[in-house]
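Each chain is listed here by its residues.
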Amino acid sequence: MWELILSEHNLTSETLQLAEMRAELVSIGEKERILRERSADREAYRYLLDAHRSIARASLLGKQGLSVSPQDGDKDGQLAA
């Protein structure tokens, strides 16, 4: 009789442990998914920000034109003072 009770107890505790482990794995998987989504969101944000900066820079240069005149350099390639 005791053997039957102990074997049922062991199966129950093992079943509970397996259920807890599965729940923990599901939780870990969910956390990994969220981190991947956040990483993708940050990457998309960086891309859009870079595109916005490029467009703003191009429109700024289009309005002002290039007002930088080339300077002569010496034989070493350094600019004259």
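Everything discussed here concerns the structure shown above.
Residues numbered from 1 in each chain as written. Predicted model: local features only at pLDDT ≥ 70, side-chain atom pairs only at ≥ 80, totals over all residues. Heavy atoms only, no water.

**So, the overall build of the chain**
The condition is simple: The secondary structure listing takes helices from DSSP runs of H or I that are at least 4 residues long and strands from runs of E that are at least 2 residues long, numbered from the N terminus. Using a 1.4 Å probe on the protein chains alone, a residue whose accessible area is under 20% of its type maximum counts as buried, one over 50% counts as exposed, and one in between counts as partly exposed. Each accessible area is a Shrake-Rupley estimate made with a 1.4 Å probe; only the visible protein chains count as cover when residues are assessed.
A tally of helices and strands in the chain yields 1 helix and 0 strands. Out of the 81 residues in the chain, the part that is buried amounts to 0%. Of the roughly 8,100 Å² of accessible surface on the chain, a fraction of 59% belongs to carbon and sulfur atoms.

**Digging into the pattern of salt bridges**
Convention followed: Salt-bridge detection follows one rule: a side-chain nitrogen of Lys or Arg within 4 Å of a carboxyl oxygen of Asp or Glu.
Applying the stated criterion across every chain yields a total of 4 salt bridges. Among the salt bridges present, the one from Glu 30 reaches Arg 33, with a minimum N-O distance of 2.3 Å. A residue pair is termed a helical-turn pair when its members lie 3 or 4 positions apart in one helix, as Glu 30 and Arg 33 do in helix α1 (residues 2–64) at 3 residues. By relative accessible area, Glu 30 is classed as partly exposed at 36%. One salt bridge connects Glu 37 with Arg 33, and the closest N-O pair in it is separated by 2.4 Å. Taken as a pair, Glu 37 and Arg 33 lie in helix α1 at a separation of 4 residues, close to a single helical turn. On the basis of relative accessibility, which here comes to 32%, the residue Arg 33 falls in the partly exposed class. What emerges from the salt-bridge pattern is a single network uniting Glu 30, Arg 33 and Glu 37.

**Notes on the environment of Ser 59**
Quick reminder of the rule: Each polar contact in these results corresponds to two N or O atoms within 3.5 Å; when the atoms are within protein, one needs to be able to donate a hydrogen and the other to accept it, and residues that are neighboring in sequence are counted only if both atoms are side-chain atoms.
Within the secondary structure layout, Ser 59 lies in helix α1. Of the polar contacts made by the side chain of Ser 59, one reaches the backbone oxygen of Ala 56; its length is 2.9 Å.

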